[in-house]
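This is what each chain is made of:
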Amino acid sequence: MKKILSLALLLFSYWIGTAQTVAIKGRIIDAQTHHPIEYASVAIFKSGDSSLVAGTISKSNGNFELNKISAGHYRLKIAFIGYRNFIKADLPLSDGQRKDLGDIMLQPARNALSEVSVKGQQAGEVNKIDKQIYKAGQFEASKGGSAVDVIRNLPTVSVNGEGNISMRGSESFMVLVNGKPVITDAQTVLSQIPANAIENVEVVTSPSAKYDPDGRGGILNIITKKGTIDGVTLALNGQGGLPSVDDHNNSRMPQRFGGDATINYRKKKWDISVGGNYNRNDNAGFREGDVYTKDFTAGTIIRFPSTGERSFKRYNYAGRTTINFTADASNSFSAGLFIGQRYQDRVADLIYHNTTSSLGNDALIKSTTYYNANTQIKEGGFALANFDYTHRFNDKSTLVGGFVYEHANLYGNTQNRNLRYPNTVDTIQYVYNPYKRPISGYRFKLDHSLPLGNGKLESGYQLRYDTQEGQFGYLVTPSTSQPDADRFQGSLHAKNVINSVYSQYSGKSGNWEYNGGLRYEYSTRAVDLSYDPNRHQLNLSNLFPAALIQYSLTNNWKLKADYNRRINRTSNLELNPIPEREHSEALEQGDPDLLPEFIDQVELGIKHTFKAGNFSATAYYQHIQNPIQRLNSVYADTILNRVYTNAGAARQFGVEAGTSLQLYKWWSLYVGANAYNYHISGNILILNQPVTVNNKCWAYTFNANTTFQLAKTWSAQANVNYLSKRPTAQGEDSQYFIPNASVKKTLMNGRMAVSLLWQNIGIFNAAKQRITTSGPDFYTTTNYIYETNMLLINLSFNLNRFTSKLKLPNSELNEREF
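Calculation notes
- Residues numbered from 1 in each chain as written.
- Predicted model: local features only at pLDDT ≥ 70, side-chain atom pairs only at ≥ 80, totals over all residues.
- Heavy atoms only, no water.
- Helix = DSSP H or I, 4+ residues; strand = E, 2+ residues; numbered from the N terminus.
- Buried < 20%, exposed > 50% of the residue type's maximum accessible area, 1.4 Å probe, protein only.
- Contact = heavy atoms within 4.5 Å.
- Areas by Shrake-Rupley, 256 points an atom, 1.4 Å probe, with all protein chains shown as cover.
- Salt bridge = Lys/Arg side-chain N within 4 Å of Asp/Glu carboxyl O.
- Core = buried A, V, L, I, M, F, W, Y, C linked by side-chain atoms within 4.5 Å.
- 1 Å grid on protein atoms, 1.4 Å probe; cavity = no way out; pocket = protein on both sides within 12 Å on 5 of 7 lines; lining within 4 Å.
- Points joined across faces, edges and corners; volume = space filled by probe spheres on them.
- Pairing = 2+ DSSP bridges.
- Axes fitted to C-alpha atoms, helices over the stretch in contact; angles between N-to-C directions.

## A look at the overall build of the protein
And then number 1: A count of helical and extended segments in the protein gives six helices and 50 strands.
And then number 2: By the burial criterion, 54% of the 818 residues in the protein qualify as buried.
And then number 3: Once local pairs closer than 6 in sequence are excluded, the contacts in the protein between residues at least 24 apart make up 69%.
And then number 4: For the protein, the computed accessible surface area is about 34800 Å², with 57% contributed by carbon and sulfur atoms.

Structure below.
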């Protein structure tokens, strides 16, 4: 009985304690468009002495909530750049009250930005329950570049020498642009988004059920800019590269220049934006390789080391527009169009020294030297259109319908010439390997959101469809040098259809925030080949649960835990079994029966905010079923065959952490790191040959960015991106280190800025990466040496300011398939 009375007393005390505090909530919206405003700052002050009591920022839907406030009289202030401050001078609060302020409308400030000199710095990083938000403008070295140059600074992200992007060590992740998914590979689409057009980057490592479950690493959401005041907003940026300091004696000099422009017109119900960009970003380089293969039947070992030029010519250009129309408070429409072109050629002109020796005593049997001229060209034209409709009901529920159609015309070729040396006019063998891979797709979505209790219930349906026609040619001269050339040409037709439904509930109760949901998908994948009468089909029916909880220990300390299940879908390139001559010593082919990866992930995290900044850390564990790997085997004495295959099973655990610090008024620092242990193992067949995979190792990434405000209009910045050596299924990739620096001068009261960028600073063995793989009958190691000490001048001009989201369309096909 005493225990029962004690428990009752404890519960009563708890009830009394909670009843004596007050909670305030509301929604912040634009007074003209009625769109919600995200990241608006909300603060409560005591009426007596104006001391700050509590503060927060609004969510993406404009909602905010403040808890554990004592009864009394207060003053409420809401502020967001580009809007007039909202002040409620007298806000009486009584014990146990849960006050709902409803919709709070902020009025755009027409002249505020031109008349007020804004001092101080915005937070470079914001931690929310389901994502981390990074301000793109804090990374000066990325100015004039692309989205790739921005995201490489984030703790979760790494970019290697080839430009391949990884999240938590995996190249499988999903890219969104203003919340809309894209299909084609990340490197392609992100390289076409100008860094100057990006406002924020949102990192979602444990997405909820309403998101597509694609990708092992999570989601990167690129938020672009638009104007927030009525009238015209204009941003212009231009960049030019100075002559190369370090060109590696290549046959061509690299060129680097470009520009981008965005103009926004906003008036009452209309919001129209138009943008365009061109970027030329060549890179000089050098390559050192050492390879050997063993022929156990003949008792020989063939070595073919090589050295020579490896350079890139790259350019892309695009135009994009969007039109938003707010008919009334209940109905709004949005339409967009994107048209772009991308080109890349890679020149690898190498001298090979081939020797054949006895496997027993290493006695030289024969040797030859030849010159290999290899050029690989990739091109793509991309076009897409999107249309969205949003209806808001009187009960504050919303219904959103969206449709996206896109087409990507992908094509290119590889030309491989083996020439005698030093008399390079004499051709030993010429291989021409052209391809066309046009792909089309569409996506239809219908989403409903309903306020329910202390949260909201969201449900939706989505249809995804894409189809690709591939034609692959192969011409060999003389034809007798490769009798099996017919297997290197043919055609492919691939189709993917995915139907999905989801439902999730998210809310907040006291110190707890939570989100839980379930997504169901039924997908079909079909691959038809010209030389194979059998269709390769895969039908999948899967559930993807997701759950997240967060507990606020205090206003400054938060703990979170989550679980979700994801899928890494196969690209059509990984499904194509027709071999492609990647370069002189390598073929590459896919597997039409390749299975997708399934990932189960658990996270535990902590967040802390303090006067000088913030800190966050997350521990995570992933179990990966059917990991997709590109494995090597011997095709011929001097050619390796690279095949995409499922390599058994894998697991990964790690910790990522980041902190943003305002150390002094003139000095800010951002540091992010990710350390993980990856283990992959299994027994598999590659072209009917058994291969055992068993590799594990620790790897880590480290990114740091520091800014010095030298004077009112002068600032300097330095940053480093470091990627440690890390394991692959058959070997390892070495470390990769990139340091950058910049100096910026602002003019015309901040409207214009001139920056000098120093990229790939040539210190501490920077911009070099060695990739090594081996098996029982082969060994290959290649050292890629990239251009260093690149100097660029960037000029930017802003008429008014761009500060909020611009829903430009994006290419989903471009993202995965280029």
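## Observations regarding the pattern of salt bridges
And then number 1: This structure, assessed with the given rule, holds 28 salt bridges.
And then number 2: Where Arg98 meets Glu65, a salt bridge forms, and the shortest distance between an N and an O atom there is 3.2 Å. Here Arg98, found in strand β7 (residues 98-106), pairs with Glu65, found in strand β4 (residues 63-70); they are 33 residues apart in sequence, far enough to count as distant.
And then number 3: The exposed category is assigned to Arg98, whose relative accessible area is 52%.
And then number 4: In this structure, the salt-bridge partner of Arg420 is Asp426, at a minimum N-O distance of 3.0 Å.
And then number 5: For Asp426, a relative accessible area of 31% gives the class partly exposed.
And then number 6: Residues joined by salt bridges that share partners form a network here, namely Asp212, Asp214, Arg443, Arg464, Arg519, Glu521 and Arg569.

## Regarding the nonpolar core
And then number 1: One finds Ile151, Leu154, Ile165, Leu190, Ile198, Val201 and Leu220 to be the most contacted residues of the largest nonpolar core, which totals 24 residues.
And then number 2: Every element with two or more residues in this core is listed here: α3 (147-151), β10 (157-159), β11 (165-167), β12 (174-177), β14 (198-204) and β15 (219-227).
And then number 3: Per-element tally for this core: the top contributor is α3, with four residues.
And then number 4: Residues in contact with Leu154, not counting those within four places in the same chain, are Tyr134, Phe139, Val201, Val203, Leu220, Tyr670 and Asn703.
And then number 5: Residues Val22, Ala40, Leu91 and Leu93 belong to the second largest nonpolar core, which totals 22 residues.

## Here we look at the layout of surface pockets
And then number 1: Of the pockets and cavities examined, the second largest pocket occupies roughly 640 Å³.
And then number 2: Lining the second largest pocket are 24 residues, with Asn354, Tyr370, Asn418, Asp637 and Thr638 positioned closest to its centre.
And then number 3: Looking at the lining of the second largest pocket, the elements that each hand over two or more residues are β22 (331-358), β23 (364-392), β24 (398-420), β25 (427-436) and β37 (628-636).
And then number 4: Considering every element that reaches the lining of the second largest pocket, the biggest residue donor is β23, with four residues.

## Describing the sheet that holds strand β2 (residues 41-46)
And then number 1: The strand order β3-β2-β5-β6 describes an open sheet built from four strands, whose pairing is antiparallel. The two strands at the open ends of the sheet, each matched to only one other strand, are β3 (52-57) and β6 (86-93). Mean inter-strand twist for the sheet, computed between neighbouring axes without regard to direction, equals 20°.
And then number 2: Direction of pairing for strand β5 (residues 72-79) relative to β6: antiparallel, over a ladder of six bridges. Residue pairing across strands places His73 opposite Pro92, the latter belonging to β6.

## Considerations on unusual backbone geometry
And then number 1: A cis geometry characterises the amide bond from Tyr421 onward to Pro422, with omega recorded as 10°.
And then number 2: Structurally, Pro422 can be placed in the loop between β24 and β25.
And then number 3: Going from Thr477 to Pro478, the amide bond is cis rather than trans, its omega being -5°.
And then number 4: With respect to the helices and strands, the residue Pro478 is situated in the loop between β28 (475-477) and β29 (490-509).
And then number 5: Even without being glycine, Asn626 reaches a positive phi, approximately 60°.
And then number 6: Among the structural elements, Asn626 can be located in the loop between β36 (613-625) and β37.
And then number 7: Despite not being glycine, Asn789 has its phi angle at roughly 55°, a positive value.
And then number 8: By secondary structure assignment, the location of Asn789 is in the loop between β48 (778-786) and β49 (790-799).

## Description of the sheet that holds strand β1 (residues 21-30)
And then number 1: Strand order in this open sheet of three strands is β4-β1-β7, and the pairing throughout is mixed. In this open sheet, the two strands that pair with only one neighbour each are β4 and β7. In this sheet, neighbouring strand axes are inclined to one another by 20° on average, regardless of whether the strands run parallel or antiparallel.

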